[in-house]
Structure formats: structure tokens, C-alpha cells
Amino acid sequence: MITVFVAIYEHRHGTDVNVFATEDGARAWKDELAREYWSDYCEGEPPSEGAGDAYFEAAGEYGDGEFFSLEEHPIQGALT
């Protein structure tokens, strides 16, 4: 079975959805978002690893509706 990883970034201006072939790709996007918006919720510099997790944990504490979720889905009818 072939699966894809659907990454959902919810923020005050709407929702961005991207589909990745790997979980690592989706997590890299999460880290990229964290580095780009780090100063919105966090002080100092983002960590070299785990920036996405730290950022979205901090953002969740503010209750501003900024969230990141990751879902794994099989591709229906995919050749295996």
C-alpha cells in the first residue's frame, strides 16, 4: 500500500494544506514554518532540531488558532 502524508497548517489567515511522499518531508515543512514565524511566539533563536514541535507548542499556549497537524493516508486505487 502506498501512503501519503497530509500536513495541515491552520493560522489566522486560513489553512494551508500540503501533501508529502514522506513523513520527513512533512516534518521539514513544519520546521520551516517554525523558523519563519519563530519570533511571533518564541524568544531567541529556534533550535536546530525540533523547532516545529517547540513553536507549535508555544503557539498553542496563546490560543490564537495556529496549529499544525499531520495525517497519514493510503492512496486509493494505487498500484503496489
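Basis of the calculations
- Residues numbered from 1 in each chain as written.
- Predicted model: local features only at pLDDT ≥ 70, side-chain atom pairs only at ≥ 80, totals over all residues.
- Heavy atoms only, no water.
- Pairing = 2+ DSSP bridges.
- Helix = DSSP H or I, 4+ residues; strand = E, 2+ residues; numbered from the N terminus.
- Axes fitted to C-alpha atoms, helices over the stretch in contact; angles between N-to-C directions.
- Core = buried A, V, L, I, M, F, W, Y, C linked by side-chain atoms within 4.5 Å.
- Buried < 20%, exposed > 50% of the residue type's maximum accessible area, 1.4 Å probe, protein only.
- Contact = heavy atoms within 4.5 Å.
- Phe/Tyr/Trp six-rings, centres within 6.5 Å; stacked < 30°, edge-to-face > 60°.
- Salt bridge = Lys/Arg side-chain N within 4 Å of Asp/Glu carboxyl O.

**Remarks on the sheet that holds strand 2 (residues 14-20)**
Overall, antiparallel pairing links the three strands, which are arranged 2-1-3 in an open sheet. Single-partner strands in this sheet number two, and they are strand 2 and strand 3 (67-74). Averaged over all pairs of adjacent strands, the angle between strand axes in this sheet comes to 20°, irrespective of strand direction. Note: strand 1 (residues 3-11) against strand 3, eight bridges, orientation antiparallel. Counted as the bridge partner of Glu 10 is Phe 67 from strand 3.

**Concerning the nonpolar core**
With 17 residues, the main nonpolar core has Trp 29, Tyr 55 and Phe 68 as its most contacted residues. At the level of elements, strand 1, helix 1 (23-37) and helix 2 (51-62) are the ones that each hand at least two residues to this core. No other element matches helix 2, which puts five residues into this core. Those residues within four positions of Phe 68 in sequence are excluded, and the remaining contacts are Ala 7, Ile 8, Tyr 9, Ala 26, Trp 29, Lys 30, Leu 33 and Phe 56.

**Some remarks on the packing of aromatic side chains**
Under the definition given, this model contains nine aromatic pairs. When the ring of Tyr 41 is compared with that of Tyr 55, the centres are 5.6 Å apart and the planes differ by 65°; the resulting orientation is edge-to-face. Here Tyr 41 is found in the loop between helix 1 and helix 2, whereas its partner Tyr 55 is found in helix 2, with 14 residues between them in sequence. There is no split in this pair, since Tyr 41 and Tyr 55 are both buried. In textbook terms, an aromatic cluster arises when at least three aromatic residues are bridged by ring pairs, as seen for Tyr 9, Phe 20, Trp 29, Trp 38, Tyr 41, Tyr 55, Phe 56, Tyr 62 and Phe 68.

**A look at the pattern of salt bridges**
As enumerated under the stated definition, the model contains two salt bridges in all. Between Arg 27 and Glu 23 there is a salt bridge, with its nearest N and O atoms 3.0 Å apart. Residue Arg 27 and its partner Glu 23 are both found in helix 1; the two are separated by four residues, about one turn of the helix. A salt bridge links Lys 30 to Asp 53; its shortest N-O distance comes to 2.7 Å. With Lys 30 in helix 1 and Asp 53 in helix 2, this pair connects stretches of sequence that are 23 residues apart. With relative accessibility at 11%, the residue Lys 30 sits in the buried group.

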